[in-house]
Amino acid sequence: MLLIGSEAQPFAKTGGLADVLGALPPALQRLGWDATVVLPRYHGVSAGTLSRTFPVSVGGYTRTAGFYEAPLADHARAVLVECPDLYHRDGFYGADGVDYPDNPRRFAFLVRAALEYAAKRGTAPDVIHAHDWQAGLAPVYLKTVYAAHPVLGGTPSVFTIHNLAYQGLFESDWLPRVDLGWDQFAVDRLEFYGHISFLKGGLTDAQLITTVSRRYAEEIQTPAFGFGFDGVLRARAGALVGILNGIDTQEWDPARDPFLPAPFGAEDLSGKRAAKIAVLKRYGITADETSLTRPLVGMVSRMVAQKGFDLIEAALDRLTALDATFLVLGTGEPRYQEMWRALAVRYPDRIGARIGFDESLAHLIEGGADMFLMPSRFEPCGLNQMYSMRYGTVPVVHGVGGLADTVTDVSSGNAAANGFVFTDYTPEALLGTLARAFSTFGNAPSWHALQAAGMQQDFSWDRSAQEYVKIYRRAIGLRAEGKGHTDGS
Ligand code: ADP
Ligand code: GLC
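Residues numbered from 1 in each chain as written. Chains lettered and ligands numbered in written order. Predicted model: local features only at pLDDT ≥ 70, side-chain atom pairs only at ≥ 80, totals over all residues. Heavy atoms only, no water.

Colleague: What exactly am I supposed to notice about the site of ligand 2 here?
Modeller: The immediate surroundings of ligand 2 are formed by 14 residues, with His162, Asn245, Glu379, Cys381 and Gly382 found nearest. Residue cysteine 381 places a main-chain N or O atom 2.9 Å away from an oxygen atom belonging to ligand 2. At 2.8 Å from an oxygen atom of ligand 2 is found a main-chain nitrogen or oxygen belonging to glycine 382. Coverage of ligand 2 by the protein amounts to 93% of the 310 Å² it exposes when considered alone. With three residues, the top contributor of residues to the shell around ligand 2 is helix α1 (residues 16–30). Of the residues in the shell around ligand 2, the class split is six nonpolar, six polar and two charged. (Near = heavy atom within 4 Å. Polar contact = N/O pair within 3.5 Å; in protein donor to acceptor, adjacent residues only side chain to side chain. Areas by Shrake-Rupley, 256 points an atom, 1.4 Å probe, with all protein chains shown as cover. Helix = DSSP H or I, 4+ residues; strand = E, 2+ residues; numbered from the N terminus. Nonpolar A, V, L, I, M, F, W, Y, C, P; charged D, E, K, R; others polar.)

Structural data, given as structure tokens:
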């Protein structure tokens, strides 16, 4: 099994993709699949032992790549591709909000390096599993450059969409510079409204496509959520499957989380109060009777429109009038960073904002908050709502994608209710749902029942990894039948 992507924990992370690529390989290994994930060795990453070096070429651009192997849990492993000219930069994808202009080369190189590395092992991986647009050319190369390769020829591929909003769109003149012919500039190939899309390459050429929740698999086949790809996805509906992400239950465990002041579990939540005190203090808010009785709403998020910050902005006056504490951690668009900074200055005893990426604070917020807010406009899966539930922190979410698949509203009357869900993407719906949450928070027995429901849930990777294995077997079967491609019909 060879997985290819642009981020993986614990080496490089900006979002949930890294959590998935750090945890899925060990989960596959536990099921008996030898799993290796390949990602770039970015600036500042020192992990891994150099196992080999050899030249890798993309469109006439040749550099000697270093392949650093690093163990993951359960004997899975990562291979980090070193190429300073391409990867030793300030950011993974760009700097100061602008993408690097050579991103097509940077990620085509990653894919070529991964495939060459696999080829040099002498036996093809059972399946090549490519993630997001950065790895979108892997299925394409397997159908073109490597179609008749003595080792890799015929290797089936699976492509996973973590977020359809990121499409790897580039000028068409990149085609020859990434070893592809002009025949790829066609509507049933990589062409997308006058550009080429690496994402579309993955969608078109992988034997099977997965995305990270069932609901999102349905949503992306509609114009409202399809970002222009809904037609392509409908055409491949039979090959598209939603598999909910798991979470790393070792890393996210309130009973042994080194970032919490005291461990806690469903039977004894006293450690959660200690975390609430600690997180209030971290934000410089006095932990007195008033602040400890108020509901504490946490957010840890990339600050981009996807995550619902426009909705928060529209609800701001009424939101800040609520008797609640808001503690926010994130980075992203300057206007949302500024919005939260200004709010924290204006309401120092009730609003806290940290702009930055801080793993330990993310854990402390999950531990100390009473509620976790995810008003995402769309959310392929979302991991924080699952982390929250494990920490007895009740999610308040917009019912889309993975949020809809994991959070069940109290008012549903369902015994498995574990949070609060709003369906309309409006300030009124957001505020009304927060008001419902605050009212339930005031009723201790009802609140504890909600916390307990969330804490009992099983979001471990083992269940999801079994679903991936079924997909891999299906992809291998399609290859065995000699079908290079299926529309699933
Ligand atoms: P997405 O991948 O769209 O950003 P997810 O919910 O799948 O959303 O995953 C986000 C991951 O990134 C979570 O593990 C979350 O805790 C983490 N994260 C996001 N922003 C920060 C931050 N500023 N500091 C620490 N962790 C963060
Ligand atoms: C993307 C999505 C997020 C998902 C993550 C991991 O970044 O935005 O919803 O949880 O990928 O699959």
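That was the structure; now back to the text.
Colleague: Sorry, what's going on with the nonpolar core here?
Modeller: Generally speaking, soluble globular proteins have nonpolar side chains that are buried together. Core analysis: the largest hydrophobic core is formed by 133 residues, its most contacted members being Leu28, Phe109, Tyr141 and Tyr472. The biggest single contributor to this core is helix α3 (residues 103–120), with 11 residues. Split by domain, the residues of this core number at least three in each of domain 1 (2–246 + 462–480) and domain 2 (270–458). When residues no more than four places from it in sequence are discounted, the contact partners of tyrosine 472 are Met1, Leu3, Leu24, Leu28, Trp33, Val127, His129 and Val158. Counting residues in each nonpolar core, the second largest holds 35 residues, with Ile312, Leu319, Ala324 and Leu450 among its members. (Core = buried A, V, L, I, M, F, W, Y, C linked by side-chain atoms within 4.5 Å. Buried < 20%, exposed > 50% of the residue type's maximum accessible area, 1.4 Å probe, protein only. Domains from an automatic or database assignment. Contact = heavy atoms within 4.5 Å.)

Colleague: What is the right way to look at the environment of leucine 269 in this model?
Modeller: For leucine 269, the location among the structural elements is in the loop between β14 (240–242) and α8 (270–282). Considering only alpha carbons, one finds leucine 269 and glycine 392, 123 residues apart in sequence, at a separation of 8.3 Å. Other than its neighbours up to four places away in sequence, leucine 269 contacts Phe264, His448, Gln451 and Met455.

Colleague: Looking at this structure, I do not really get the site of ligand 1. What am I missing?
Modeller: Taken together, 19 residues lie around ligand 1, and Lys13, Gly16, Arg302, Lys307 and Gly356 are the ones closest in. Within the contact set of ligand 1, an oxygen atom lies 2.7 Å away from a side-chain nitrogen or oxygen of lysine 307. The backbone of glycine 356 places a nitrogen or oxygen atom 2.7 Å from a nitrogen atom of ligand 1. Across the complex, the protein chains shield 93% of the 560 Å² of accessible surface that ligand 1 would expose by itself. Within the residue set of the shell around ligand 1, elements represented by two or more residues are α1, β15 (296–303), β16 (325–332) and α14 (384–390). Among the elements that make up the shell around ligand 1, the one with the highest residue count is β15 (three residues).

Colleague: Honestly, the sheet that holds strand β3 (residues 49–58) in this entry has me stumped. Any pointers?
Modeller: The strands making up a sheet are joined through hydrogen bonds of the backbone, oriented either antiparallel or parallel. Taking strand neighbours across the sheet as the criterion, the nine strands line up as β3-β4-β5-β2-β1-β8-β9-β13-β14 in an open arrangement whose pairing is mixed. Each end of this open sheet is capped by a strand with a single partner; those strands are β3 and β14. In this sheet, neighbouring strand axes are inclined to one another by 25° on average, regardless of whether the strands run parallel or antiparallel. Direction of pairing for strand β9 (residues 157–161) relative to strand β13 (residues 208–211): parallel, over a ladder of four bridges. (Pairing = 2+ DSSP bridges. Axes fitted to C-alpha atoms, helices over the stretch in contact; angles between N-to-C directions.)

Colleague: Just checking my understanding: could you explain the packing of helix α16 (residues 427–441) against helix α17 (residues 444–455) for this structure?
Modeller: Packed helices, taken two at a time, are described by the angle their axes make and the gap between the axes. Orientation of α16 relative to α17, taken along the N-to-C sense of each, is 110°, at an axis distance of 7 Å. With respect to their mutual orientation, α16 and α17 come out roughly perpendicular. When α16 is examined against α17, the residues Ala437, Thr440 and Phe441 are found in contact with a partner set consisting of Ala444, Ser446, Trp447 and Leu450. Split by residue class, the contact of α16 with α17 holds five nonpolar, two polar and no charged. (Parallel < 35°, antiparallel > 145°, perpendicular 65-115°, else oblique.)

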